[in-house]
Amino acid sequence: MTKATELRQKDVAGIEAEIKALQKAHFGLRMQKATQQLGNTNTLRTTRRDIARAKTILAEKQAAK
């Protein structure tokens, strides 16, 4: 889980890279769920929320410019 304080320390490019990595991980988890290989479905929820958290912080940084 990425904390908001860790994300706020990154620059815009770092946050965008983090979002891309989280989206890729979330896609992989969705594929595992579809093929019934995912044991802990709670990870889908946490990655989705991490993506939303990162996007929110990115929007805050872009609005501050």
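Right, let's walk through the structure included here. Predicted model only: the values in this text are computed from it and were never measured.

The next thing to look at is unusual backbone geometry. In the Ramachandran plot, Gln-36 falls in the positive-phi region, its phi being about 60° despite a non-glycine side chain. Considering the arrangement of structural elements, one finds Gln-36 in the loop between α2 (12–34) and α3 (42–64).

Moving on, we get to α2. In this model α2 runs 33 Å from its N-terminal to its C-terminal C-alpha over 23 residues, within 8% of the 33 Å that 1.5 Å per residue would give. Along α2, the residues classified as buried are Val-12, Ile-15, Glu-18, Ile-19, Leu-22, His-26 and Leu-29. A positive backbone phi angle near 60° is found at Gln-36, which sits one or two residues after α2.

Inspection of the secondary structure assignment puts Thr-47 in helix α3. Accessibility expressed as a relative area gives 11% for Thr-47, which makes it buried. Not counting residues within four places of it along the chain, the set of residues in contact with Thr-47 comprises His-26 and Leu-29.

Between the first and last C-alpha of α3 there are 33 Å, a value that for 23 residues agrees with the 33 Å anticipated at 1.5 Å per step. For α3, the set of buried residues is Leu-44, Thr-47, Asp-50, Ile-51, Ala-54, Ile-57 and Leu-58.

This next bit is on the nonpolar core. Listed in full, the 7 residues of the largest apolar core are Leu-7, Val-12, Ile-15, Ile-19, Ala-54, Ile-57 and Leu-58. Every element with two or more residues in this core is listed here: α2 and α3.

The subject of this paragraph is the environment of Lys-20. Residue placement: Lys-20 occurs in helix α2. You can call Lys-20 exposed: its relative accessible area is 61%. Taking the C-alpha atoms as reference, Lys-20 lies 17 Å from Arg-45; in sequence the two are 25 residues apart.

What follows concerns the pattern of salt bridges. Within this structure, the stated rule accounts for 3 salt bridges. With a closest N to O distance of 3.2 Å, Glu-60 and Arg-8 form a salt bridge. With a gap of 52 residues between them, Glu-60 in helix α3 and Arg-8 in helix α1 (residues 4–9) connect regions that are remote in the sequence. Glu-60 gets classed as partly exposed once you look at its relative accessible area, which sits at 41%. Between Lys-10 and Glu-18 there is a salt bridge, with the nearest N and O atoms lying 3.0 Å from each other. For Glu-18, a relative accessible area of 17% translates into the label buried.

What counts and what doesn't
- Residues numbered from 1 in each chain as written.
- Predicted model: local features only at pLDDT ≥ 70, side-chain atom pairs only at ≥ 80, totals over all residues.
- Heavy atoms only, no water.
- Helix = DSSP H or I, 4+ residues; strand = E, 2+ residues; numbered from the N terminus.
- Expected span 1.5 Å × (residues − 1).
- Buried < 20%, exposed > 50% of the residue type's maximum accessible area, 1.4 Å probe, protein only.
- Contact = heavy atoms within 4.5 Å.
- Core = buried A, V, L, I, M, F, W, Y, C linked by side-chain atoms within 4.5 Å.
- Salt bridge = Lys/Arg side-chain N within 4 Å of Asp/Glu carboxyl O.

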